[in-house]
Amino acid sequence: MFYWRVLLALTSMKPERIVAIDGPSGSGKGTVSRGVARALGWALLDSGALYRLVALAARQAGVSLDDEARLASIASDFDVRFDLAEDGEEAIWLSGRDVTRQIRTESAGGDASQVAQLKQVRAALLQRQRRFAEGPGLVADGRDMGSIVFPAAPVKIYLTASPEERAARRHKQLKEKGVTANLAALSLEIAERDRRDMNRAVAPLVAAPDAVSIDTTGMPIEAVVERILAIVRERLLI
Ligand code: DC
């Protein structure tokens, strides 16, 4: 009871309005979370973008990716804005500069996974993430949304897909953006990121015990979104 009150005070939103979606790289989380948020008219927290931004801000400031104290200070203070661009796509601004494309590269993902191992960085981002919980509702996408950031979320989803399918999806996404990538190299990068994200000491990627696992291998995005919306309707009675 006490725990729920503290959580409510922290999130300023009724806990029944949060959908936490976690899973490894390439499981479809980003696209699925965006689809669920759009369908519900709720806000979206792309927590991976925050870790990517911390790493980018550190690189720009010449801070080493293992300098925990300075990285934590960046994570507490950096100036970030999430917007919708004119074409309806999301735009991300770091200190007034549009970094939307820059943070989506594979190397930015690898950097993010490195800084995400650090306890002080995670602690610095915790309140920032919880502040997204306002308005009609929130879809939170990440690795520890259901386990750490929003443990009282009534809908928790854990998305998986086979490693081969995850690498193929990433390959397709990059190709669509005009980036040439090697499928075998991508598979290795994804495996390395999984290893780091699942084995780190702080907030590793795990399915929360009360999460519904969905294996998206071979499933079209729309079907995954529909499945989640059905769970939301059932649990949140909307
Ligand atoms: O979801 P993504 O690929 O944008 O995330 C980039 C990295 O950030 C990922 O490899 C691990 C880290 N991350 C995390 O540790 N916790 C989160 N909630 C989100 C991302």
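Up top is the structure these notes are about.
Throughout what follows, the structure given in this document is the object of discussion. All of these numbers come straight from a predicted model, not from anything done at the bench.

1. What to know about the nonpolar core
As a rule of thumb, soluble globular proteins bury nonpolar side chains together.
Step number 1: If you look at the biggest cluster of nonpolar residues, it comprises 38 residues, and the most contacted ones within it are Leu53, Val54, Leu71, Phe78, Val121, Leu125 and Phe150.
Step number 2: Elements with a contribution of two residues or more to this core: strand 1 (18-22), helix 3 (47-60), helix 4 (68-77), strand 4 (90-94), helix 5 (106-115), helix 6 (119-130), strand 6 (138-142) and helix 7 (145-149).
Step number 3: Of all hydrophobic cores here, the second largest spans 19 residues; its members include Ala37, Ile157, Val225 and Leu236.

2. Things to note about helix 3
Step number 1: For helix 3, with 14 residues, the first-to-last C-alpha span of 20 Å sits near the 20 Å given by 1.5 Å per residue.
Step number 2: Along helix 3, 11 of the 14 residues are buried, which leaves the element largely enclosed by surrounding structure.
Step number 3: Every buried residue of helix 3 is listed here: Ser47, Ala49, Leu50, Tyr51, Arg52, Leu53, Val54, Ala55, Leu56, Ala57 and Ala58.
Step number 4: Count one or two residues on from helix 3 and you reach Gly62, which has phi positive near 70°.

3. Some details on the site of the ligand
Step number 1: Close to the ligand lie 16 residues; Arg52, Arg122, Arg193, Asp197 and Arg200 are nearest.
Step number 2: Here Arg143 contributes a side-chain N or O atom positioned 2.9 Å from an oxygen atom of the ligand.
Step number 3: Arg193 has a polar side-chain atom sitting 2.8 Å from an oxygen atom of the ligand.
Step number 4: Taken by itself the ligand offers 440 Å² of open surface, and the protein chains cover 96% of this.
Step number 5: Broken down by element, the residue count for the shell around the ligand peaks at 4 residues, all from helix 3.

4. Observations regarding the pairing of strand 7 (residues 155-160)
Step number 1: In terms of burial, strand 7 is largely enclosed, as 5 of its 6 residues are buried.
Step number 2: In the sheet, strand 1 pairs with strand 7 via 4 bridges, with the strands oriented parallel. Bridging from a neighbouring strand, Asp22 pairs with Tyr158 of strand 7.
Step number 3: Note: strand 7 against strand 8 (residues 212-215), 4 bridges, orientation parallel. When the sheet's bridge partners are listed, Ile157 is paired in strand 8 with Val212.

5. Description of the environment of Pro136
Step number 1: For Pro136, the position within the fold is in the loop between helix 6 and strand 6.
Step number 2: Separated by 54 residues in the primary sequence, Pro136 and Phe82 place their C-alpha atoms 17 Å from one another.
Step number 3: Ignoring anything within four residues of it in the chain, the contact list for Pro136 reads Arg17, Gly41 and Trp42.

Criteria and cut-off values
- Residues numbered from 1 in each chain as written.
- Predicted model: local features only at pLDDT ≥ 70, side-chain atom pairs only at ≥ 80, totals over all residues.
- Heavy atoms only, no water.
- Core = buried A, V, L, I, M, F, W, Y, C linked by side-chain atoms within 4.5 Å.
- Buried < 20%, exposed > 50% of the residue type's maximum accessible area, 1.4 Å probe, protein only.
- Helix = DSSP H or I, 4+ residues; strand = E, 2+ residues; numbered from the N terminus.
- Expected span 1.5 Å × (residues − 1).
- Near = heavy atom within 4 Å.
- Polar contact = N/O pair within 3.5 Å; in protein donor to acceptor, adjacent residues only side chain to side chain.
- Areas by Shrake-Rupley, 256 points an atom, 1.4 Å probe, with all protein chains shown as cover.
- Pairing = 2+ DSSP bridges.
- Contact = heavy atoms within 4.5 Å.

Any link to function would need more than the numbers given here.
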